[in-house]
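Chain by chain, the residues run as shown.
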Amino acid sequence: MVSGTQTQDRTPSTHPRTEEIPAAVVRFAGDSGDGMQMAGTQFTDTSAIIGNDVATLPDYPAEIRAPAGTVPGVSGFQINFASTDIHTPGDEVNALIAMNPAALKAHLADVQLGGIVVVNESEFDKVNLRKAGYPEGVNPLDDPELGRKYRLYKVPITRLNAESLADSGMSAKDIGRCKNMYALGLIYFLFDRPLDTTIQYLEDYFGKKKKMPEVAAANVKALKAGFYFGETAEIFPVRYHVARAPVAPGTYRKITGNDATAMGLIAAAKLSGKTLVYCTYPITPASDILHYLAGMRNFGVKTFQAEDEIAAICSAIGVSFAGQLGVTGTSGPGLALKTEAMGLAVITELPLIIIDVQRGGPSTGLPTKTEQSDLLQAVVGRNGDCPLVVLAAKSPSDCFDTAIEAVRIAFKYMVPVLILTDGYLANGAEPWRLPDPKSLPAIPVTHPTDPATYQPYKRDENYARPWAIPGTPGLEHRIGGLEKADGTGGVSYDPENHQKMTLLRLAKVNKVADDIPPAETYAGADAELLVVSWGGTYGSVRTAVERLHAEGKSVAGLHLRHMNPMPTNLGTLLKKYKKILVPELNTGQLRYILRSRYLVDARGLNKIQGKPFLVEDLVGGINLMLDGKWGEAESLNPTQHQIKAFK
Amino acid sequence: MATEVQVPVLSAKDFASDQDVRWCPGCGDYAILNQVRRVLAAAGATREKTVFVSGIGCSSRFPYYMSTYGFHSIHGRAPAIATGIKLANPDLNVWIVTGDGDGLSIGGNHLLHTLRRNVNVKILLFNNRIYGLTKGQYSPTSEEGKKTKSSPFGTIELPVTPLSIALAAEASFVARAVDVDKNLGDVLQAAAEHKGSAFVEIYQDCNIFNHLAYQYATDKAAKEDHILYLEHGKPLVFGKNRDKGIRFDGAHKPQVVELGKGIKEDDLIFHDEADENLAFLLSRLSYPQFPEPLGVFYRVRDDCYEDLLEGQIKSAVAARGQGGLAELFESSDNYKV
Ligand code: SF4
C-alpha cells in the first residue's frame, strides 16, 4: 500500500481510522462463474464517478467454463485508482480479494509484501483445495507464513452472504450468485466508496432490463450486508481513502478500447456522411466491437456477421466498392485469413478499415491474453509488394481517435488502413472526457460524376484514384485483382506498367506521412537513452521513463502511433541518441523495422507472457542500459522480477 | 399536362463492353454471355445500376465483357463481395458469375451462406466439370474415375450435385440450364425477376479440357430423351415424341415410364415449384438412369437479407430516434466533473 497521511475526519466513528493514500491497486479474483468481472467493473465505475483516475486490467480464462474451482478457471479483474494522473493498471497488487483457493494460488504472487489479502474462507474446504491442486491435507490459510507476509483477512463470504439472504426466498444457488456483491460491499467499505452507483446499476440491470426485481433486491442486500459487515465486525484496523484526481472539467465516461473503437467508427461514419457497415466474424478479443455496433441500428449502423474471416473482409470490400464505409475487425488468426483480400483492397485501391485486436500467438495462441506480435503481419504480411497504412492505438480512449483518423486517411488516399489495438487496450478501461461533437472536423469524401473526365485509375495530387460508385451513370468500370494499367484501369500485363503501379501504390502509402504529426520525444531532451514504444505499451513505458527522468536519469521517450508510414523525422531523431531501447510485447518486431529501416543499434526489452509490461520491468531494462550493464544482447526478457537473456 | 419521359431502351449490344472476349473459340461461355446481355436488355436493366461480380476462373472473366459495373475479385469470394455491395446499396442489381471450382470448392462456404441469407443476388454457376484456367485438373463436379492431368489414374472422389447443395442451403430459387439450350434465356429471365438469391447452374462446355461432357444434353438427335423441361403444374414428360414420363413407383421412388399402355399423364409426377422435397428429388435425377431436368426446380417468396436489415434500422429509428454524434456521446454511464 502506498503510504500517506492519516485522516480521522471522513468517518464519524473513530474506529477504524481512515488513511489518505494517493493510489491503490485492487484485484478481484475468483472462479469464472463468481462474477469477478462484474465486481471489478462496478468498483471501477464507482471510482471513476467519484473522480479518481482509473485504469483496469481484466484477465479472463481462455475457456468459457474451465472446470470450476481449478486454477485455469480463475478470472481476475485489476483496478488501479488514483488521485493523480495514471497510465497503467498498476504493477503490484495492494489488495487481493480471493474468492476460492484457486484464486489465491493464481494471484498471490502479484501481491506486494505487506499487502492486503481478503480470502473467502468458506470456500477453503477439502474439495476446493484439491481442485486448486494443493497437496492432500494442506490448507494455505493454515500456513503462518501467509499471515506474516501479508495482512490476511479470512472472511467466510459464502456463508455470511447466505445468512444475509436467508429470508430472500431464493434458491441456495441463486443466493450463492450474490456473493460477488457481498465481497464488493466489503471492499467498498475498506476503500471508503459509496454504494449508490452499484445499487443503481443492480436495479437497472436485474430489475428493469432482466425484469427480475427480486434478484436486484437480493444483490443490493448482499452489497449492503458486505459493507455493514466491514463496518460492524471491525476486521480492518484501517480504512483507505483515495481522493479525486485533478481532472479537466467536463462530461466523462469510463471507456474500454473496444467500445472506443466502435464509437470512433460510428463518429467517422457521421462525419463523412457514410453508412458504417461492420463486417466481421466472432473472435476473441474483438467480438465486443461487434456487440456494441450490433445494438446501434438507430444510428444507421449495419453489422454483418459473416460466415468466416474471409467473407467478413470481402463483404467489407464490397461495401467500399459500393460507396459506403466498409470495416472489418478481427484478431491475429483472423488477420492471417484476411491477407489475400487485403491485397485485393490494395490493388483495387479502395478505402477499407481493418481492425486487429492483437492477442497472444502464433496460431490460436493465447486468445484472451494481450500481445503486440502482429506488427510485422500488419506491415508486410501479404503476398506481393502490398503496402497499406498501419495505425496503432495507445490507450483505450485513443482507439476512438485512431478509428476516426483511419477513416480520414482511407477516404483521402483511397487506401486500406489497418488499426492495431490489443487485448489489453480492448478490455482495459479508463475515464474518457467526451469530445464536443462540434469540435470533430468533417471527413470530406467526393465521388466523381462526370463521364467526360473520368478514368478509373486517374490520380489526384495524393495519388488517390477517384471513388466512382455503382449507380452513377456513365462511370461504369470494372476493377479487380489483376494488375491495372495506370489511368485507364484496364487489365495490364505490361512489365513497365507493373513496376510503375507497384511503386505508385507504395508512394501513395508513403505520402500519408505528410499528413501525420512528426515524432516527438518526452522527458529528457538531450538524454543518452531513447525508449521507443508503440501501441498499447504507451502507459507503462511513459510511466517508467518519466519516473526515471524525474530521478535524474538520462532517458527520453518516444511513442509511435503511425506504424506505416512512420513520421518523416523519425530517422533523424533516432540517430540523435546514443542508445535506443525498444520495449515490446513480442520478440522485437518494431526493433526489426527500426534497425532495417534506419540502421540504428536498437536493443529490445521483450516480454512475451501474454501480460502487459509492469513499470518495474521497464525500469529494470532502462537502468541496465544506462548503467552499462546491458551487455551485447540484442534483446533481453523480463523473467520473474529479473531481466535476462534467453538461454 | 404530364410530359412523357423517354426512358432509353437498351439492346443486348449496349451491355457489351469494349473489351475483346478472350475465351477459347467454341467455349460455352460465349452463348451464356449473349443470353445474359439479351435478358438484361429485355428486363429493362440499366448499366449503371447493374454490377457483375466474379471470382477466379475462366467464367470469372465475365465482368470484363459487360458494360455495367464489375468486380473481378479473388478466388471463391464473389458471393461475399456481392453481399457487401447489397448491404451498402440494396438498389443495385447484382449478378455473380462463378464456376464449379470457384463456387463449390474454394468458395463453397460463401455460396451456402449467401443462399441461406437470401441476399438478393443472381448466382450463375458455370459448371464445366473441370478446371479450365489452370489447364485441366478435375473439379468438384468431375465424375468419379475421371482421368485428368491431376488424376491420371482416375479420380477417387464423388462429385457434388450443385442443385442439391443449393436446396440444402435454403435457396429460394434454384434452376438449371444448358449453355446452348433454348431454355437458358427463360431461366435467366426467371432468375432476374426473382427477389432473393437465385441460383442457376449452367451446364457449360469447356471445349478445350472437357469437350462434350454434356453431349447427352446437347446432341440434337438424342438430347430430348436425356433431358426434361420442367414446367410448373405440368407432369414430368420428356422424349422426342413426348412419350415418356416419370412417376412414383410402389416404393415411392421415381421411375421412368412410357406413356400409353395404360399409363396416362395423370399418373406422372406433377411439377410444383414450391415443393422443396420434390425439388430435391429432381435435383438427384441424373443421366443415364434418368433424364436430367432443366428449368426452375424451386421458387418461393421470401424476405431478402438486405431489406430485413434496412427494416431493423427503420424500426430502431422509429423507436429510439435517429442517433447523431450528440446521442452517441450521451449515455447513462456519463458523469460530470
Ligand atoms: S479453357 Fe475451357 S472453359 Fe476456359 S475459356 Fe477455354 S473452353 Fe472455355
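Residues numbered from 1 in each chain as written. Chains lettered and ligands numbered in written order. Predicted model: local features only at pLDDT ≥ 70, side-chain atom pairs only at ≥ 80, totals over all residues.

Draft legend 1. Summary view of the domain arrangement of chain A. All names here are of chain A. Domain parsing of chain A yields domain 1 (6-241), domain 2 (254-439) and domain 3 (521-644). The straight-line distance from the C-alpha centre of domain 1 to that of domain 3 is 36 Å. Tallying the contact residues gives 5 residues for domain 1 and 8 residues for domain 3. Residue composition of the side of domain 1 that touches domain 3, by class: 2 nonpolar, 2 polar and 1 charged. (Domains from an automatic or database assignment. Contact = placed C-beta atoms within 7 Å. Nonpolar A, V, L, I, M, F, W, Y, C, P; charged D, E, K, R; others polar.)

Draft legend 2. Just the sheet that holds strand β15 (residues 389-392) of chain A, in detail. Residues and elements named next belong to chain A. The strand order β12-β11-β13-β14-β16-β15-β22 describes an open sheet built from 7 strands, whose pairing is mixed. Each having just a single partner strand, β12 (302-305) and β22 (562-564) make up the two edges of the open sheet. Averaged over all adjacent pairs, the angle separating strand axes in this sheet is 20°, with direction ignored. Two strands pair when backbone bridges link them, and strand β11 (residues 276-280) and β12 are joined in this way by 4 bridges, in the parallel orientation. (Pairing = 2+ DSSP bridges. Helix = DSSP H or I, 4+ residues; strand = E, 2+ residues; numbered from the N terminus. Axes fitted to C-alpha atoms, helices over the stretch in contact; angles between N-to-C directions.)

Draft legend 3. The domain arrangement of chain B, seen in detail. All names here are of chain B. On domain assignment, one finds that chain B holds domain 1 (12-234 + 271-309) and domain 2 (237-269). When each unit is reduced to the centre of its C-alpha atoms, the spacing between domain 1 and domain 2 is 29 Å. With 8 residues of domain 1 at the interface, the matching set in domain 2 holds 5 residues. By residue class, the composition of the side of domain 1 that touches domain 2 is 6 nonpolar, no polar and 2 charged.

Draft legend 4. How the structure looks around the environment of Ala306 of chain A. Looking at the secondary structure, you find Ala306 of chain A in the loop between β12 and α12 (309-321). Residue contacts for Ala306 of chain A: discarding those within four places in its chain leaves Cys279, Thr280, Tyr281, Ala311, Ala312 and Ser315 of chain A together with Ala80 of chain B.

Draft legend 5. Local environment of the packing of helix α2 (residues 78-88) of chain B against helix α4 (residues 108-117) of chain B. One can describe the packing of α2 of chain B onto α4 of chain B by two numbers: an axis separation of 8 Å at closest approach and a directional angle of 35°. On α4 of chain B, the residues that touch Pro79, Ala80 and Thr83 of chain B of α2 of chain B are His110, Leu111 and Thr114 of chain B.

Draft legend 6. Summary view of helix α1 (residues 29-42) of chain B. All names here are of chain B. Between its first and last C-alpha atoms α1 spans 20 Å; for 14 residues at 1.5 Å apiece the expected length is 20 Å, and the two agree. In the core, the buried residues of α1 are packed alongside β1 (50-54), β4 (121-127), α6 (183-193) and β6 (198-203). Downstream of α1 by one or two residues, Gly44 has phi in the positive range, about 75°. (Expected span 1.5 Å × (residues − 1).)

Draft legend 7. Region of the structure containing the packing of helix α19 (residues 538-550) of chain A against helix α22 (residues 615-626) of chain A. Residues and elements named next belong to chain A. It is at 9 Å that the axes of α19 and α22 come closest, and there the two elements cross at 50°. As summarised for this structure, α19 and α22 are arranged oblique, according to the angle between their axes. Crossing geometry of α19 relative to α22 is assigned as right-handed. For the pair α19 and α22, the contacting residues are Ser540, Val541, Thr543, Ala544, Arg547 and Leu548 in the first and Val615, Leu618, Val619 and Ile622 in the second. For the contact of α19 with α22, a count of residues per class yields 7 nonpolar, 2 polar and 1 charged. (Parallel < 35°, antiparallel > 145°, perpendicular 65-115°, else oblique. Left-handed = near helix turned anticlockwise from the far one by under 90°.)

Draft legend 8. Spatial organisation of the sheet that holds strand β8 (residues 237-238) of chain B. All names here are of chain B. The strand order across the open sheet formed by 3 strands is β8-β9-β10, and the pairing between neighbours is antiparallel. The sheet is open, and its two edges are formed by β8 and β10 (254-258), each paired on a single side. Sheet analysis places strand β9 (residues 244-248) next to β10, joined by 5 bridges and oriented antiparallel. By the bridge assignment, Lys244 is partnered in β10 with Glu258.

Draft legend 9. Structural detail: the interface of chain B and chain A. Counting residues at the interface gives 49 residues for chain B, matched by 56 residues for chain A. Elements with a minimum of two residues in the side of chain B that touches chain A: β2 (69-72), α2, α4, α9 (305-320), α10 (325-329) and β12 (335-336) of chain B. Among the elements that line the side of chain B that touches chain A, the one with the most residues is α2 of chain B, at 8 residues. Residue classes in the side of chain B that touches chain A are distributed as 23 nonpolar, 18 polar and 8 charged. Pairing analysis gives 2 bridges linking strand β10 (residues 251-256) of chain A to β12 of chain B, with the strands arranged antiparallel. Paired with Thr251 of chain A across the two strands is Lys336 of chain B, which belongs to β12 of chain B.

Draft legend 10. Looking closely at the pairing of β11 of chain A. Residues and elements named next belong to chain A. Among the 5 residues in β11, 5 count as buried, and that is most of the element. Alternating positions in β11 separate into two faces, Leu276, Tyr278 and Thr280 on one and Val277 and Cys279 on the other, with burial throughout. For the crossover from β11 across helix α11 (residues 287-294) to β12, the handedness is right-handed. (Buried ≥ 20, exposed ≤ 12 C-beta atoms within 10 Å, placed from the backbone. Right-handed = clockwise from strand over helix to strand, strands pointing away.)

Draft legend 11. Summary view of helix α8 (residues 276-283) of chain B. Turning to α8 of chain B, its buried residues number three or more, namely Ala279, Leu281, Leu282 and Ser283 of chain B. Residues of α8 of chain B that are buried make contact with α5 (162-168), β5 (173-178), β10 and β11 (292-299) of chain B.

Draft legend 12. Seen up close, unusual backbone geometry. In this structure, the amide linkage connecting Thr284 of chain A to the following residue, Pro285 of chain A, adopts the cis form with an omega of 0°. Its place among the elements puts Pro285 of chain A in the loop between β11 and α11. Residue Pro362 of chain A is bonded to the preceding Gly361 of chain A through a cis peptide linkage, with omega at 0°. One can find Pro362 of chain A in the loop between β14 (352-358) and α15 (375-380). The phi dihedral of Ala523 of chain A falls on the positive side, at around 65°, and the residue is not glycine. The phi dihedral of Lys135 of chain B falls on the positive side, at around 75°, and the residue is not glycine. For Lys135 of chain B, the location among the structural elements is in the loop between β4 and α5. Taking the C-beta count within 10 Å as the criterion, Lys135 of chain B has 11 such neighbours and is therefore assigned exposed.

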